[in-house]
Amino acid sequence: MPLFDRDTTIFQDEDVLREDYQPESIQEREEELDAYKTALQPVVNGAQPRNIFLYGKTGVGKTVATRYLLDHLQRDVAEYDDVDLSIVWLNCNNLTSSYQVAAHLVNELRGPNEQISTTGYPQQTIFDMLYDELDSLGETVLIVLDEIDHIGDDDDLLYELPRARANGYLSQGKPGIIGISNDFSFRSGLSPKVKDTLCEEEIHFSPYVANELESILQQRAQNALHEDVLADGVLPLCAALAAQDTGSARQALDLLYKAGDLARSQDVEGVEEKHVREAQRALERGRIKQGMVDLTQHGHLSLVAVLSLALEEETPARVREIYPRYRSAAEYVGTNPLVRRRMHDHLSDLAMQGILSRNTRNEGRAGGKYYVYDLDVAVDMVLDVIEDLETVDLPPDVLRHAP
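Source: prediction; values computed, not measured. (Residues numbered from 1 in each chain as written. Predicted model: local features only at pLDDT ≥ 70, side-chain atom pairs only at ≥ 80, totals over all residues. Heavy atoms only, no water.)

K.L.:
Would you mind showing me how to read the UniProt feature "domain: AAA+ ATPase" (unreviewed entry) in the protein chain here?
P.N.:
Sites flagged by UniProt as "domain: AAA+ ATPase" (unreviewed entry) map to residues 48–204. Within the segment residues 48–204, helix and strand shares are 39% and 19% respectively, and the terminal C-alpha atoms sit 23 Å apart. (UniProt positions renumbered as here; feature names shortened; annotations may be inferred. Helix = DSSP H or I, 4+ residues; strand = E, 2+ residues; numbered from the N terminus.)

K.L.:
Explain the pattern of salt bridges here, please?
P.N.:
Side-chain pairs of opposite charge can arise whenever the charged atoms involved come near each other. All told, the structure shown has 11 salt bridges when counted by the stated rule. Put simply, Asp15 and Arg18 hold a salt bridge, and the shortest N to O gap is 3.1 Å. Looking at Asp15, the relative accessible area reads 41%, which means it is partly exposed. We classify Arg18 as partly exposed; its relative accessible area is 37%. Glu331 is paired through a salt bridge with Arg327; the nearest N and O atoms lie 3.4 Å apart. Of this pair, Glu331 and Arg327 both sit in helix α13 (residues 319–332), 4 residues apart, which is roughly one turn of that helix. With relative accessibility at 35%, the residue Arg327 sits in the partly exposed group. (Salt bridge = Lys/Arg side-chain N within 4 Å of Asp/Glu carboxyl O. Buried < 20%, exposed > 50% of the residue type's maximum accessible area, 1.4 Å probe, protein only.)

K.L.:
Is there a simple way to explain helix α16 (residues 379–387) in this structure?
P.N.:
Because an α-helix completes one turn every 3.6 residues, residues spaced three or four positions apart along the sequence face the same direction. For α16, the full list of buried residues reads Met381, Val382, Leu383, Val385 and Ile386. If you follow the buried residues of α16, they end up packed against α11 (273–293), α12 (297–311) and β8 (369–375). (Contact = heavy atoms within 4.5 Å.)

K.L.:
What is the right way to look at helix α1 (residues 30–44) in this model?
P.N.:
For α1, built from 15 residues, the straight-helix expectation of 21 Å at 1.5 Å per residue is met to within 8% by its first-to-last C-alpha distance of 20 Å. The sharpest bend along α1 reaches about 30° and sits at Thr38, with the proline Pro42 one to four residues further on. (Expected span 1.5 Å × (residues − 1). Bend = angle between axes of the 7 residues up to and from the residue.)

K.L.:
Please clarify how a negative patch on the surface should be interpreted in this entry.
P.N.:
Taken together, the side chains of Asp380, Asp384, Glu387 and Asp388 define an acidic patch exposed on the protein surface. Looking at where Asp384 falls in the secondary structure, it is placed in helix α16. (Patch = residues over 30% accessible without salt bridge, like charges linked within 9 Å, V, L, I, M, F, W, Y side chains within 5 Å. Areas by Shrake-Rupley, 256 points an atom, 1.4 Å probe, with all protein chains shown as cover. Lys, Arg positive; Asp, Glu negative; His and termini not counted. Charge placed at Lys NZ, Arg CZ, Asp CG, Glu CD.)

K.L.:
Any chance you could explain the packing of aromatic side chains here in plain terms?
P.N.:
The relation between two aromatic rings is expressed through the spacing of the ring centres and the mutual angle of the planes. One pass over the structure, following the stated rule, counts 6 aromatic pairs. Their ring planes at 40° and their centres at 6.3 Å tell us that Phe53 and Phe186 sit as a pair that is tilted. One end of the pair, Phe53, is in strand β1 (residues 52–55); the other, Phe186, is in helix α6 (residues 184–189), and 133 residues separate them in sequence. Across the pair, exposure class does not vary: Phe53 and Phe186 are buried alike. Counting every residue linked through ring pairs, the aromatic cluster contains Phe53, Tyr55 and Phe186. The side chain of Arg318 reaches across the aromatic face of Tyr370, ending 3.5 Å from its centre. It is Arg358 that lies over the ring of Tyr371; its NZ or CZ is 4.1 Å from the centre. (Phe/Tyr/Trp six-rings, centres within 6.5 Å; stacked < 30°, edge-to-face > 60°. Lys NZ or Arg CZ within 6 Å of the ring centre and 35° of its normal.)

K.L.:
For this particular structure, what's the right way to read the sheet that holds strand β2 (residues 85–91)?
P.N.:
Hydrogen bonds between backbone atoms are what pair the strands of a sheet, whose relative direction is either parallel or antiparallel. One open sheet accounts for 5 strands, arranged β2-β3-β4-β1-β5; its pairing is parallel. One side of each edge strand has no neighbouring strand; the edge strands of this open sheet are β2 and β5 (201–204). Strand after strand, the sheet turns through a mean of 15° between neighbouring axes, direction not considered. With 4 bridges joining them, β1 and β5 adopt parallel strand pairing. From the neighbouring strand, Ile52 faces β5, where its bridge partner is Glu201. Packed on one face of the sheet, α1 meets β1, β2, β3 (140–146), β4 (174–181) and β5 and runs near 160° to β5. (Pairing = 2+ DSSP bridges. Axes fitted to C-alpha atoms, helices over the stretch in contact; angles between N-to-C directions.)

K.L.:
Just checking my understanding: could you explain the side chain of Glu212 for this structure?
P.N.:
Its location among the elements puts Glu212 in helix α8 (residues 210–224). In this structure Glu212 is buried but unpaired, with Arg29 as the nearest side chain of opposite charge at 5.1 Å. Every residue in contact with Glu212, bar those within four places of it in the chain, is listed here: Glu28 and Pro207.

K.L.:
Where do I start with the sheet that holds strand β7 (residues 356–362) in this structure?
P.N.:
Overall, antiparallel pairing links the 3 strands, which are arranged β6-β8-β7 in an open sheet. Two strands in the sheet have a free side with no partner beyond their single neighbour: β6 (317–318) and β7. The pairing of β7 with β8 spans 7 bridges and is antiparallel. Note that in β8 the partner of Thr360 across the bridge is Tyr371.

K.L.:
How should the layout of surface pockets be read in this particular structure?
P.N.:
A water-sized probe, rolled over the atoms, reveals where empty space remains. Quantified by volume, the largest pocket comes out at close to 1,700 Å³. If you go around the largest pocket, you meet 48 residues; those closest to its centre are Glu19, Thr58, Gly59, Ser248 and Arg250. Secondary structure elements with two or more residues in the lining of the largest pocket: α2 (62–77), α8, α9 (234–245), α10 (249–265) and α11. Top contributing element to the lining of the largest pocket by residue count: α11, with 7 residues. Residue classes in the lining of the largest pocket are distributed as 15 nonpolar, 18 polar and 15 charged. (1 Å grid on protein atoms, 1.4 Å probe; cavity = no way out; pocket = protein on both sides within 12 Å on 5 of 7 lines; lining within 4 Å. Points joined across faces, edges and corners; volume = space filled by probe spheres on them. Nonpolar A, V, L, I, M, F, W, Y, C, P; charged D, E, K, R; others polar.)

Dropping the structure here:
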C-alpha cells in the first residue's frame, strides 16, 4: 500500500485557491476594470501610455486585475503592426529608494550576462543606463511597480521616468508607469510634482463586501473542489468572516483552502462550518506569529520584557515594571535602549497586532489611570519566535523560567 495517494475526496485542483492563480475572468470589479481599460487605451492606439496609480488594501484585486488586463493587452496589440509592447514587472517589497528601483529595472531589461551591480554607481548614471535600455527597445514599455509605497520618500524616479521623453532623455522608447500600493497614505506623502506625473490616472480598489466575496468563492470552488463536498453554510461563512475583518478576497480564499485542508487531514468526506472556524483560528495564529517575526529589534526586545514577567507570573504589568526588563534585554544584546516613552509606543503596537493585551486600570485620584499589559498569545509561541531570531537573545533569567 503506497504511503501517498491522490486526493479524491475534497480537492479537485487546489492550486485554484492559491495566491498565484490567475483566473480566466475577474469578478466583482466591473467599474475598476472599465476605468483601467480606458486608461490603457492609448497603448492600443500607439500613443504615449498614461501613468496609472492603483491603491487599496491587500487582497482586493489590484494585482490580479493588472495581470489579467496586461495579459489581454499584450495579446490584443499583437494584431497591430505599428504597436510593439513590452511589460516589465518589478515588486518593490525590498527596494527602498529610486536608485534601487532603477538598478533593478536595468537588470530586468538586460540579458543574464549583462547584469549590473545594484550598488556603487552615481544615481544619474543608473538613470542614464535605464534610459538607454528603454530607448534601445524602441517601443512602448509598461513598467509595473508593485508595492510601490516601499520606495518611501525617495521618489525621484517616479518624477523623472514619466517625463523622460519630454525632457529629451528618450527618443524612441515610450514608457508608462503602473504603480500599485497597499498604503493609502503613500499618495498623500508624494511631492506635488510626482503626483502630477505618477497619478495621471487613479483607480481605487475598495474592500469587498460579503456577497461579492461569496461570488468569488463560488467561482473558484467550482474548479478547486469536488462536487457536493461543501456544506451549505461554508462559502457564506468564509465570505462573512473575511468581509468583517479585511474585505480581502485573499483572506476568504485562504479560509476556504485551510478549511478544505483540515477536512482532508481529518479524513472526512465534506467541508463543514466547523472546519471554517478551525481554519480561522489556525490562520490567525499564523498571522500573529508572522507579526512577531516581522517586528523591529526594539519591538522584539519589548516583547521579551513582557515575556520575562509573564514567565514569573508577574503580569499584567505596568510600563514602569516592564521598562527595566526591556533595558536589561537591550543591554544583554548590546543595543542602546530607547527612552521609556518610545518603548511604550512599541507596547502599543504589539497590542494593536493582538500579540499583547492592554487594559486600563483606574485607582482613583491617588493612583490615576494607567495601562497594564500581558501576553495575548501562548508563551510557547513567543518562545519559538524569539529563539529563532538572530538579532535578539533571551537573557539567562528568562531562560531559567522558560518551560
